[in-house]
Structure formats: C-alpha cells, structure tokens
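# Architecture at a glance
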Amino acid sequence: RLENSEVSGLVHLSECSDDYVKNLATMYNPGDLVKVLVLRVEKDEKRIGLSMKASHFEDDEESDLESMSDSEDDDVVMKDVNDAGLDSDDENFVSKLANKLDDKKVDSSVKKSSDDSDSSDDESSSQSSDDDDDDDESLDGKAQAMDTDVGFDWGTNERTEEQKEDSESSEESDSEDEDENAVKKGHKSRKKTLVKRQEEKVISKMEQRIADGTADENPETTADFERLVASDPNSSENWMKYMAYHLSLADIESARSIANRAFDRIEFREEGEKLNVWTALITLESKYGTPTTLNATIDRASQHNNPKQVYLRVCEMMERDVEQSHGDATMVQRADDMFAKMCKKFRSKKTVWIANFKYLLKNGRHEEAHDLWKRSVLSLPSHKHIESMSKFAQLEYEYGSAERARTIFDGLVDKHPKRMDLIFVYVDKEIKHGEVSTARQIFEKIVNPIQSGQKKVKYNDKQMKSLFKKWYRMEDDHGDEESRMHVKVAAKEYVEKSTK
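Since the model is a prediction, treat every value here as computed from it, not as a measurement.

## Here we look at the environment of Lys456
Tracing the chain through its elements places Lys456 in the loop between helix H17 (436–447) and helix H18 (461–478). According to the relative accessible area criterion, Lys456 is exposed, its value standing at 66%. Lys456 sits 11 residues away from Lys445 along the chain, and the two C-alpha atoms are 9.2 Å apart.

Now the structure itself:
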C-alpha cells in the first residue's frame, strides 16, 4: 500500500531487486517501509505495477537527503521531548509538545537570520577585495597594453580559413588513418578467428577419432602413436608403424630412437616381437644408412637374438631388394655376399642352405644352385641330407626343371622306400605340376612292385592303409569312376594277400 493513501500496488518478484531473488522473505518482512517506482497503471482492471529495483533510484539524491533530514528532525524532536521531561501519559502532553516545537522554530529562525547577516557581510567584504584586485589588474593590463603594437591584421580571415582547411585536412587524414587501422585490426581479428576455428576443428576431429576408436586403428599424429604404444608396448606392429611415421617425415634419427625405445619396452620373453623390430631397424639402415651402420646393426641384432634368424631375415630382405631392382648388379653382389657369409657362418644348418637354394633357383641360376647343393652335402650332417635334398627337389619343381626334380625324388624313394612322407610329397608335387599319370605310376610301383620291375618292399598295414587313402583321395579329386574302382580292387587284393 502507498503511504498516506488507500492505493495498493503489486511488485512482481523480478522487480524486487536487480539481482536474482530466490526467497523474498530473507530480504523483507511484512510492514517494512520501502521505496517504489510506479511502472504502469491499468485503469480498466484497477491495478498498479510497481518496482523496488535500486537501479531506478540511483540519481534520486534529493529524496535521500530529505529522508535523512526528516529522520534527523525526528531524532531532534524526540531528544527535546526527553530533555524537557514531558510525559506521554500526561493529559496536556499534546499542547505542551506543540508549545515546545514553536519555541524551537523561533530560535531556529533567529539563528538563521543572524547567519544570513554574517554571510552577507562576508560576501560584501570579499567582493570589495575582489574589486580592488580587479582594479589593480586592469591598471597593470593598461600599462602593458601601451607598449604593444595596436593595429588591425588584415590577413586574419585568410589565416583562419587556411587554419580551418588545415584542421579539416588533418581531421580527414586522422579519420583515414583510423579507418585503415580499423581495417587492419579487422583483418587481424578475422585471421585470428579463422586460425582459432581451424584449431578447434582439429581438436574436435581428434576427440571424435579417439571416441570412436579410429585413432588407434589409423594413427596420424605423434600423440596417437604414443597412446598406441603405451596401450600395447609388446606389439611390434605398433612400434614399426611409429617408425614408418617418422620415416614419412624424413626424420631418420627419430625412427632409430623409436626402435631403441621398443627394445627397452618389449618384454624379454617376446623374442619374436623384438626380432620384428630389429628387422625393421636393419631395413632402415639398408635403405638410409651406410654399409658400416648396416653391419653394426646386424651385429647388435645377433647379440640380442638368435643370430641364424637375424641373418635369414637380412638375406630375405636383400632378396626382395634384388627383385625390386630387376637384377641390379650392385644389389645382386650385396645379396650374394650376405648369403655366402650366412652359409659360411652357419654351415651345419640346413635352413640357411635351403634359403640359398631358393635365392639362386628363383633368379634362374641353376648351375650355381647345383654346385651349392653339392657343397651343402659335404657341410651338412648325414641325417639332414634327406630333408635338404627333398627341399631342393621341391624348389626344382617350382623354379627349375621337373625332370631334375623327379630324378632327385626317385633316388630318395629308392634309397629310403619306407619313408611315406617322401612318397606323399613326391605325389603332391606331381599333382600340382599337372602330372596325375606320373602320380598313379608312383602308387602302382609301391602296390605292385614286381609288375613294375621294382624290388619288393614289405610295408606294414598302417602304411598301406594311409597309402590307399591317399591314392583314393587323389582319384576322387582328379580321376573318374573307373580309376576309383581300380583303387578299391587293388586295396581288396592287398587285404586278401595279407590275410593268407
């Protein structure tokens, strides 16, 4: 309700304060006297909208002063009442209080008149002193004015016009400079905004790749690779990808350091994973290093891994280099030297000789391959001759002459007739080479040696069973009904003979 009236208004909760009001009861109590501003009057609905925001009364200093003066007057009156010893229960309290207030008003008016007279005297005295000072200054000014050149300057208007033009031109230049600076600032701000947006796009893209898992599948940054190797430090594939990333940036030293980190991080039990990283480092030195660094890396790898496996990996790598270079003389010579070094270093290991057989036959160097085979027989132990000769015959089927391969297998089968593994390998190679009829002849020689003019060999039932199964499976894949019936009949006859 408005003070001294019967009019009531409504203050919305949003108009109670400039700040957010959560609970109005904490700010005001019922019956508090507040200052309000009338926002709107709705005559039709007989409503008044009010506001208590402090921002509406920031410039209202007079009202604050009046309220302060009123409160001070009230305090003075109450003090006078107390000093006069007036009792509020007295019947003549009101008349006595009125007389007291009248006496106070008379005293205050007398005091005010005396103060006004004093102030007027002070003003008159100060004015007279100011007049004296002005007179002195005017005399001094006149004395000085007499010594100066008094006259009209007929070019004043021209100079003022020139000054105006100069000021206008300077203002125009200043405005142009400001415009240019604003344009430059605009360009800079646009560039900064563009760069910031690009950075935000890159960050959001990285976050998305991390969230959906593609960052680990296809890492693109150093952070991706570091996270990848940290998640699975024993994976040689991750370390080799990291090395390839640095090689794509032409940072060979960083690729070497990544390989050295991998050797420290991969567990010692994971020999195969470590060997893969060593192979990658050897490949790096072969392509981007020198022969000295390559040999040093091979020696280091041999100290930390199986040396035979290291040399086999190196020879395999150089064999690929020869194929990619299409028989470059330098590459061929380097590969030959490495294979010779490996065979000399591990002369009692059949795998190194077999790898050398394959390298020579694959490149069409059959005579050198046969000479090497003869040397291998002299260097290898006798129990490894059969397997090395069998591998050499298989390589002859693939890269050399099938007739030479048959000659080797026939010699092996004649010398070791009960080695069913040799017979089955012989048959498989003939089938793969397209000579099914030759494979049938091999089986016929074993089942009916007398008819074939071969020496009879006694096989046990288990060997014959596996032989007939192999023969029937071959006829089932490459023969007809008649050939399959022939195998069944031969098996039946063998069973009848063995049971007699």
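## Topic: the sheet that holds strand E2 (residues 37–42)
Strands belonging to one sheet form pairs held by backbone hydrogen bonds; the direction of such a pair is parallel or antiparallel. Ordered in space as E1-E3-E2, the 3 strands form an open sheet in which the pairing is mixed. Two strands close off the open sheet at either side, each with one partner strand: strand E1 (10–11) and E2. With 2 bridges joining them, E1 and strand E3 (residues 47–51) adopt parallel strand pairing. Bridge assignment links Leu10 to a residue of E3, and that residue is Gly49.

## Here's the deal with the pairing of E3
The element E3 is extensively covered by neighbouring structure, given that 4 of its 5 residues are classed as buried. Looking at chain direction, E2 and E3 are connected through 5 bridges and run antiparallel. Residue Glu42 lies in a different strand from E3, and its bridge partner there is Arg47. In this antiparallel pair of consecutive strands, E2 and E3, the connection spans 4 residues, and Lys46 shows a positive phi of 55°.

## Looking at the packing of helix H7 (residues 252–265) against helix H8 (residues 271–288)
Helix packing for two helices is described by the angle between their axes and how far apart those axes are. Between H7 and H8, the least distance of the axes is 10 Å, while the angle of their chain directions is 160°. If you check the angle between H7 and H8, you find them roughly antiparallel. Note that H7 runs across H8; the crossing there is left-handed. Contacts from Ile252, Ala255, Arg256, Ala259, Ala262 and Phe263 of H7 reach H8 at Lys274, Val277, Trp278, Leu281, Leu284, Glu285 and Tyr288.

## Observations concerning the packing of aromatic side chains
Applying the stated criterion across every chain, the model contains 12 aromatic pairs. Where Phe468 meets Tyr494, the ring centres are 6.0 Å apart and the plane angle is 50°; that geometry is what we call tilted. Remark: Tyr494 occurs in helix H19 (residues 481–499) and Phe468 occurs in helix H18; sequence separation between them is 26 residues. Taken together, the ring pairs connect Phe443, Phe468, Trp471 and Tyr494 into an aromatic cluster.

## What to know about unusual backbone geometry
In the Ramachandran plot, Ala250 falls in the positive-phi region, its phi being about 60° despite a non-glycine side chain. Structurally, the position occupied by Ala250 is in the loop between helix H6 (236–248) and H7. Phi at His326 takes a positive value of approximately 55°, unusual for a residue other than glycine. Counting through the fold element by element, His326 comes out in the loop between helix H10 (307–324) and helix H11 (329–345). Accessibility expressed as a relative area gives 74% for His326, which makes it exposed.

## What about helix H9 (residues 291–304)?
With 14 residues, H9 extends 20 Å between its outermost C-alpha atoms, agreeing within 8% with the 20 Å of an ideal straight helix rising 1.5 Å per residue. Inspection of H9 places Leu294, Thr297, Ile298, Ala301 and Ser302 among the buried residues, and these make up the whole buried set. For H9, the arc enclosing every buried residue in end-on projection is 135°, short of the 170-degree limit, so these residues lie on one face. Exposed residues lying more than 90 degrees from the buried face of H9 are Thr292, Gln303 and His304. In this structure, the buried side of H9 is in contact with H8, H10 and H11.

## Details of H11
In a regular helix each residue adds 1.5 Å, so 17 residues correspond to 24 Å; H11 covers 24 Å between its end C-alpha atoms and thus fits that length. For H11, the complete set of buried residues consists of Val332, Ala335, Asp336, Met338, Phe339, Met342 and Cys343. Down the axis of H11, the smallest arc covering the buried residues is 170°, so these residues share one side. Residues of H11 that are exposed and point over 90 degrees away from its buried face: Ala329, Thr330 and Lys344. Close packing links the buried residues of H11 with H9, H10 and helix H12 (350–362).

Calculation criteria
- Residues numbered from 1 in each chain as written.
- Predicted model: local features only at pLDDT ≥ 70, side-chain atom pairs only at ≥ 80, totals over all residues.
- Heavy atoms only, no water.
- Helix = DSSP H or I, 4+ residues; strand = E, 2+ residues; numbered from the N terminus.
- Buried < 20%, exposed > 50% of the residue type's maximum accessible area, 1.4 Å probe, protein only.
- Pairing = 2+ DSSP bridges.
- Axes fitted to C-alpha atoms, helices over the stretch in contact; angles between N-to-C directions.
- Parallel < 35°, antiparallel > 145°, perpendicular 65-115°, else oblique.
- Left-handed = near helix turned anticlockwise from the far one by under 90°.
- Contact = heavy atoms within 4.5 Å.
- Phe/Tyr/Trp six-rings, centres within 6.5 Å; stacked < 30°, edge-to-face > 60°.
- Expected span 1.5 Å × (residues − 1).
- Arc of directions from axis to C-beta.

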